[in-house]
Amino acid sequence: MSARCQVTGRTVSFGNTVSHSHRRTRRRWSPNLQRKTYYLPSEDRRITLRVSTKGIKVIDRDGIEAVVARLRRSGERF
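Residues numbered from 1 in each chain as written. Predicted model: local features only at pLDDT ≥ 70, side-chain atom pairs only at ≥ 80, totals over all residues. Heavy atoms only, no water.

Q: Account for the environment of E76, naming residues and giving values.
A: Relative to the assigned elements, E76 resides in the segment after α2 (64-74). The spacing of E76 and P41 is 35 residues in sequence and 19 Å in space, taken between C-alpha atoms. Excluding anything up to four places from it in sequence, E76 contacts R4, Q6 and L71. Of the polar contacts made by the side chain of E76, one reaches the side chain of Q6; its length is 3.2 Å. (Helix = DSSP H or I, 4+ residues; strand = E, 2+ residues; numbered from the N terminus. Contact = heavy atoms within 4.5 Å. Polar contact = N/O pair within 3.5 Å; in protein donor to acceptor, adjacent residues only side chain to side chain.)

This is the structure:
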């Protein structure tokens, strides 16, 4: 399973670690993914999403119903 947020689409970023001597080596930044279970009152069921902490804030701001509707329009499966 890829390290990808289902709500925001955030994925792994790549870059360089720069040492004191200024040597560069490749590194990666993983998104802060959490498995969260939300209750959908309209369907009377629970869904589990793999979301980043930014995605959790988006759900808190917009509401789970609006976010699920947006995900279904984009073709996301959960």
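Q: Requested: an account of the nonpolar core, with residues and values cited.
A: If you look at the biggest cluster of nonpolar residues, it comprises 14 residues, and the most contacted ones within it are V7, Y38, L49, V51, I59 and I64. Broken down by secondary-structure element, the contributors of at least two residues to this core are β3 (33-40), β4 (45-52), α1 (53-62) and α2. In terms of residue count, α2 provides more of this core than any other element does, 4 residues in total. The contact partners of I64, leaving out residues within four places of it in the chain, are Y38, Y39, L40, L49 and I59. (Core = buried A, V, L, I, M, F, W, Y, C linked by side-chain atoms within 4.5 Å. Buried < 20%, exposed > 50% of the residue type's maximum accessible area, 1.4 Å probe, protein only.)

Q: Go over α2 with me, naming the residues and quoting the values.
A: Looking at α2, one finds that the buried residues are I64, V67, V68 and L71. On an axial view of α2, the arc spanned by its buried residues comes to 100°, and they lie on one face. (Arc of directions from axis to C-beta.)

Q: Can you explain the side chain of S52? Please cite residues and give values.
A: Note on placement: S52 falls in strand β4. For S52, a relative accessible area of 2% translates into the label buried. Apart from the residues lying within four places of it in its own chain, the contact partners of S52 are C5, T8, R10, N32 and L33.

Shape is all these values report; function is a separate question.
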